[in-house]
Amino acid sequence: MKELMIRNLPELPFDMSEALNQLRVNLGFCGDQVKAVMVTSSVPNEGKSFVAMQLWKQMAEVGTPTLLIDCDLRNSELRSKYGISSTEKLIGSAHYLAGRAELEDVLYQTNVPNGYILPVASAIANPTILLEGERFAKMVETCRKMFGYILIDTPPIGSVADALNIATHCDGTVLVVRSGSTPRKMVDNSVQLLKRTETPLLGIVLNRADMNSKSNLYYHRYYRSGYYYNHQGYGYGYGQQAKKNNKVK
Ligand SMILES: Nc1ncnc2c1ncn2[C@@H]1O[C@H](COP(=O)(O)OP(=O)(O)O)[C@@H](O)[C@H]1O
Ligand SMILES: [Mg+2]
């Protein structure tokens, strides 16, 4: 298998790492049939890629061969943000989906043991037709047989239909919500759109939760590490602010 290097994947503070660990464990409780999980959000910059990447790392670290498929074909930032490089010319999901490469040409093992990536090598303007095509379905099916877990990083639901197309090939969705930023209505709308895909919404991640804020005090009392279930019984909160207020060192 081809190889690529991730140069910029820093260790997270303990509380953030622990919140992600809880998310990983709880995804495990969803059962063996939940293998391909899409990570999405309503708008850009909520932390989809951050959560997908860190969750991928944690799954790999506990020994599960885990594949991260970058399906933000329009606007992927994984390569630049995480310093992803390869000694060979990098080719990725768009090449495979357009029929210009085979699956084995776009799957990479990484310097994270058990961590595999199917990257986006170059952005394309209109990937909808590719995501609706047979090759996408085949890609997910084949990868299911090869890996213990598949995480799919997607574009936001609010702007294009890509994520909803991708959801139909997954066993579940994790919706990332940027705390204090994404309007409730928008989150409701995303939940409704996801419901239409009939792919189960496995959980909501409340990202960058400010544990100093009054509305979070309730959770803070019970979960001082910055992790909590939200009021609907699913969801995990973590963020930089949580660390500041964290009494458990
Ligand atoms: N919990 C977090 N703590 C610190 N930085 C974060 C967190 N979540 C996201 N970020 C940062 O915020 C920016 C946007 O996140 P990103 O994952 O790229 O969003 P999206 O994929 O939803 O567009 C990135 O620079 C990312 O590193
Ligand atoms: Mg992203």
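Each value, and the rule that gives it
Residues numbered from 1 in each chain as written. Chains lettered and ligands numbered in written order. Predicted model: local features only at pLDDT ≥ 70, side-chain atom pairs only at ≥ 80, totals over all residues. Heavy atoms only, no water. Near = heavy atom within 4 Å. Polar contact = N/O pair within 3.5 Å; in protein donor to acceptor, adjacent residues only side chain to side chain. Areas by Shrake-Rupley, 256 points an atom, 1.4 Å probe, with all protein chains shown as cover. Helix = DSSP H or I, 4+ residues; strand = E, 2+ residues; numbered from the N terminus. Nonpolar A, V, L, I, M, F, W, Y, C, P; charged D, E, K, R; others polar. Disulfide = S-S within 2.5 Å. Buried < 20%, exposed > 50% of the residue type's maximum accessible area, 1.4 Å probe, protein only. Core = buried A, V, L, I, M, F, W, Y, C linked by side-chain atoms within 4.5 Å. Phe/Tyr/Trp six-rings, centres within 6.5 Å; stacked < 30°, edge-to-face > 60°. Lys NZ or Arg CZ within 6 Å of the ring centre and 35° of its normal. Pairing = 2+ DSSP bridges. pLDDT = per-residue confidence, 0-100. Contact = heavy atoms within 4.5 Å. Salt bridge = Lys/Arg side-chain N within 4 Å of Asp/Glu carboxyl O.

Participant: Please explain the site of ligand 1 as it appears in this structure.
Facilitator: Contacts to ligand 1 come from 13 residues, most closely from Asn45, Lys48, Ser49, Phe50 and Asn207. One nitrogen or oxygen atom from the side chain of Lys81 is found 3.2 Å from an oxygen atom belonging to ligand 1. The side chain of Asn207 places a nitrogen or oxygen atom 2.8 Å from a nitrogen atom of ligand 1. Calculation on ligand 1 without its partners gives an accessible area of 560 Å², and the protein chains cover 81% of this total. Among the elements that make up the shell around ligand 1, the one with the highest residue count is helix α2 (residues 48-61) (three residues). For the shell around ligand 1, the per-class residue count stands at four nonpolar, five polar and four charged.

Participant: Please clarify how the state of the cysteines should be interpreted in this entry.
Facilitator: Covalent bonding between the sulfur atoms of two cysteines defines a disulfide. Here the structure, examined in full by the defined rule, presents zero disulfides. Left unpaired, Cys143 is separated from the closest cysteine sulfur, that of Cys71, by 9.9 Å. For Cys143, a relative accessible area of 0% corresponds to the buried category.

Participant: Which parts of the structure should I look at to understand the nonpolar core?
Facilitator: The tendency in soluble globular proteins is for nonpolar side chains to be buried side by side. One finds Ile6, Met53, Trp56, Leu67 and Met139 to be the most contacted residues of the largest nonpolar core, which totals 69 residues. With seven residues, the single largest contributor to this core is α2.

Participant: I keep staring at unusual backbone geometry and nothing clicks. Help me out?
Facilitator: Generally, phi is negative for residues other than glycine and the peptide bonds are trans, each holding for most cases. In the Ramachandran plot, Asn45 falls in the positive-phi region, its phi being about 70° despite a non-glycine side chain. Positionally, Asn45 belongs in the loop between β2 (36-41) and α2. Here the phi dihedral of Asn114 falls at roughly 70°; this positive angle occurs in a residue that is not glycine. Looking at where Asn114 falls in the secondary structure, it is placed in the loop between β5 (108-110) and β6 (115-118).

Participant: Got a minute to help me understand the packing of aromatic side chains in this structure?
Facilitator: Aromatic ring pairs are defined here through the distance separating the ring centres and the angle between the ring planes. Using the criterion set out here, one finds one aromatic pair in the structure. Seen in terms of ring centroids, Tyr116 and Phe147 are 5.1 Å apart; in terms of plane orientation they differ by 55°. Their pairing is tilted. With Tyr116 in strand β6 and Phe147 in the loop between α7 (134-146) and β7 (149-153), this residue pair connects regions lying 31 residues apart in the sequence. Accessibility classification places Tyr116 together with Phe147 in one group, the buried group. Of note, Arg135 hangs over the ring of Tyr96, and the distance from its end group to the ring centre comes to 4.3 Å.

Participant: Sorry if this is basic, but what is going on with the pairing of β2 here?
Facilitator: Sheet faces and side chains relate simply in a regular strand, where the side chains alternate between the two faces. Here β2 lies mainly inside the structure; six of its six residues are buried. Residues Ala36, Met38 and Thr40 line one face of β2 and the alternating positions Val37, Val39 and Ser41 line the opposite face, and both faces are buried. Here β2 pairs with β7 via four bridges, running parallel. Residue pairing for β7: Val39 is matched across the bridge by Asp153. Sheet topology places β2 next to strand β8 (residues 172-178); five bridges connect them, and they run parallel.

Participant: I would appreciate a short explanation of the confidence of the model for the protein chain in the present structure.
Facilitator: Summing up the model confidence of the protein chain, the mean pLDDT is 86 and the portion of residues at 70 or higher is 84%. In this model, residues 219-249 is a region of pLDDT below 50 whose contacts with residues beyond four sequence positions or in other chains number 78 contacts.

Participant: Is there a simple way to explain the pattern of salt bridges in this structure?
Facilitator: Proximity of charged atoms lets side chains of opposite charge pair with each other. Tallied over the full model, the rule gives seven salt bridges. Residues Glu61 and Lys57 are paired through a salt bridge, measuring 3.6 Å at the closest nitrogen-oxygen approach. One end of the pair is Glu61 and the other is Lys57, both in helix α2 and four residues apart, which spans about a single turn. Here Arg144 ties to Glu141 by a salt bridge, and the two come within 3.1 Å at their closest N and O atoms.

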